Every structure is written in C-alpha cells, then in structure tokens.
Amino acid sequence: MRIGVLGAGNMADALATQWARKGHGVRIGARAPEKAVALAARIGHGAEGGTLREAAEFGDAVLLAIAHDGVEEALREAGPVAGRVLIDCTNPMEPPFERLKTGAGPSAARRIADLTGARVVKAFSTCPDTVWRMTPPEFGGRPLGVPLCGDDPDALALVRGLVSDLGCAPMDGGSLDRAALLEATTAFLVGLWVAGEEALAMLPPLDAALPREPQRASS
Ligand SMILES: NC(=O)c1ccc[n+]([C@@H]2O[C@H](COP(=O)([O-])OP(=O)(O)OC[C@H]3O[C@@H](n4cnc5c(N)ncnc54)[C@H](OP(=O)(O)O)[C@@H]3O)[C@@H](O)[C@H]2O)c1
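Keep in mind the model is a prediction, meaning the values are calculated, not measured. (Residues numbered from 1 in each chain as written. Predicted model: local features only at pLDDT ≥ 70, side-chain atom pairs only at ≥ 80, totals over all residues. Heavy atoms only, no water.)

J.: Is there a simple way to explain the nonpolar core in this structure?
T.: Taken as a class, soluble globular proteins show a tendency for nonpolar side chains to be buried jointly. Core analysis: the largest hydrophobic core is formed by 39 residues, its most contacted members being W19, I28, F124, W132 and V159. It is helix 1 (residues 10-21) that provides the largest number of residues to this core, a total of seven residues. Listed in part, the 22 residues of the second largest apolar core include A74, L75, L86 and C149. (Core = buried A, V, L, I, M, F, W, Y, C linked by side-chain atoms within 4.5 Å. Buried < 20%, exposed > 50% of the residue type's maximum accessible area, 1.4 Å probe, protein only. Helix = DSSP H or I, 4+ residues; strand = E, 2+ residues; numbered from the N terminus.)

J.: Got a minute to help me understand the packing of helix 4 (residues 71-78) against helix 5 (residues 108-116) in this structure?
T.: How two helices pack is summed up by the angle between their axes together with the distance between the axes. Viewed as axis vectors pointing N to C, helix 4 and helix 5 meet at an angle of 30°, and their least axial separation amounts to 11 Å. Between helix 4 and helix 5, the interaxial angle falls into the category roughly parallel. Judged by the sense of rotation from one axis to the other, the crossing of helix 4 with helix 5 is right-handed. Facing helix 4, whose interface residues are V71, E72 and L75, helix 5 presents I112, L115 and T116. Here the residues of the contact of helix 4 with helix 5 sort into four nonpolar, one polar and one charged. (Axes fitted to C-alpha atoms, helices over the stretch in contact; angles between N-to-C directions. Parallel < 35°, antiparallel > 145°, perpendicular 65-115°, else oblique. Left-handed = near helix turned anticlockwise from the far one by under 90°. Contact = heavy atoms within 4.5 Å. Nonpolar A, V, L, I, M, F, W, Y, C, P; charged D, E, K, R; others polar.)

J.: Got a minute to help me understand the packing of helix 1 against helix 2 (residues 33-43) in this structure?
T.: Contact geometry for helix 1 and helix 2: axes closest at 10 Å, N-to-C directions at 45°. Accordingly, the angle class assigned to the pair helix 1 and helix 2 is oblique. As helix 1 runs across helix 2, the sense of the crossing is right-handed. Residue-level contacts link A12, D13, A16, T17 and A20 of helix 1 to L39, R42 and I43 of helix 2. In terms of residue class, the contact of helix 1 with helix 2 is made up of five nonpolar, one polar and two charged.

J.: Where do I start with unusual backbone geometry in this structure?
T.: It is generally the case that most residues other than glycine have a negative phi and that most peptide bonds are trans. With an omega dihedral of 5°, the bond running from P95 to P96 counts as a cis peptide bond. As for its position among the elements, P96 is in the loop between strand 5 (85-88) and helix 5. Unusually for a residue other than glycine, F97 sits at a positive phi of about 60°. Its location among the elements puts F97 in the loop between strand 5 and helix 5.

J.: Please clarify how the sheet that holds strand 6 (residues 119-122) should be interpreted in this entry.
T.: Two orientations exist for strands paired in a sheet by backbone hydrogen bonds: parallel and antiparallel. Read from one edge to the other, the open sheet built from eight strands follows the order 3-2-1-4-5-6-9-10, with strand pairing classed as mixed. Every interior strand has two partners, whereas the edge strands, strand 3 (48-50) and strand 10 (169-172), have only one. Adjacent strand axes in the sheet meet at a mean angle of 25° when their direction is disregarded. Direction of pairing for strand 5 relative to strand 6: parallel, over a ladder of four bridges. Across the sheet, L86 pairs through a bridge with V120, a residue of strand 6. (Pairing = 2+ DSSP bridges.)

See the structure below:
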C-alpha cells in the first residue's frame, strides 16, 4: 500500500517507520520539506520525503500527524483529500488536561472530516509514540488494542490492516461521532499517566465489566 504522511515529527516517525519496514510505500510531507526528506532518509526502506501536497497525493491512505493547532493550515497546504482515507491521530489537548482544545464543539476528527470531505478514521491517538515504536506493542503477552472510529467500512478495513501490521489488535470503536469520546478519554488517561497513576488499573476485564447471564440448564 502507498501511505502519505503529513508531518515529520514523532508520530510520523514512529508509525511510518513501522509501515515502511512492513513493505508499504511511504512518502513523508512537511511544511519544511527538508525535514521530511531527512526523516525519510532515517526511515529507509525506500521512504521518500517532500512537500505536504506530494505526501497527500501519494497515498492510498494519508496519516495526519500534525500538531492540533496546525491541522487546518497543514490541510490547506496539502490540497484536496476529499474521498481519501485520512487517518487522524491528533489529540486536541494540552497540560493540565482539564479540557479539550475543541471545547464543547465537535471532535477534532469530525472537524477534519467536515473540512476535507475525506473518509476519516480516528486511530493511533491513544498511546505515546514510544509505544508505537515497539515491535510489537505488547504488554503481558497481549497485543495492544487500537480503537478505530469511522463511518466508512472500506476505510476502516484499510486502517485495521495497518493496525495489524504493527502487531496490534484493531478494536471497533464505532462511528466517527464516537471520536469525541475517544479524544476525551485519551486526555483523561494522559492526565492520569502524567500524575503517575497506572491508568490500566482502573479497567476490569470484559467478563467482569459486562457479566453474562448464567446459562440455565435445560430440563
Ligand atoms: N507524540 C505522541 O506521543 C502522540 C501520541 C498520540 C497522538 N499524538 C498526536 O499526533 C500529532 C503529532 O504529534 P507529534 O508528537 O508527532 O508532534 P511533533 O513531533 O511536534 O510534530 C508535529 C508536526 O506538525 C507539524 N506542524 C505543526 N504546525 C504546522 C502547521 N501550521 N503547518 C504544517 N505543519 C505543522 C510540525 O512541523 P514543524 O516541524 O515544521 O514544526 C511537525 O511536523 C499531534 O496532533 C499529537 O496530539 C501524539
């Protein structure tokens, strides 16, 4: 698959490196193209670097790995992506993680979908880049779960494949409207982690969270 990457920072580096190693074609784009070229050279495996527009035009899928405040400007520079699969890993948050930068309005993912007309899938926003760099991201013998929120079945199937390429387990996060909940959940989790709390400890396993009715023995 051909993957265009908007941004040449930590998330672009972490995810594009994994996908390039898996044999995907990768083109990094940045507002300062020399940063994209330098990142592509570090990644190797045939990765290329250039402008945001070149990266956006390249991909079967486009990863949006831009700081929240720069998203609109970067998308303007990237050019039209209507109908394309756009993976949104952005987090509209900042310390002290008390409210989202999107306020009470639509999620970042919904704004990006409305702005571009792209088939947006929210994914990879829930963990730090250091986790996405792990090969594979696995804890206690269990692959990391990656929730996906989106409305387009084909786009979701494509991104599920990219999640599996990392050695992670795709999770059905529901429609793009649920991205608002995912963005808020991520901000809450990061707040816990920054406070030194083990966020994992607050989650019971599925069987305990949603106990099944005991099966009645048939007479
Ligand atoms: N890092 C993480 O652990 C992590 C985890 C999950 C999600 N995320 C989300 O992923 C996104 C990228 O994070 P990151 O850690 O990769 O950030 P980063 O290392 O700071 O890189 C941000 C990228 O955005 C670009 N950018 C910023 N403003 C721009 C603008 N106006 N026009 C064009 N490009 C612009 C930067 O370009 P310049 O280099 O030219 O400034 C850079 O390429 C963010 O939305 C973040 O919330 C991050």
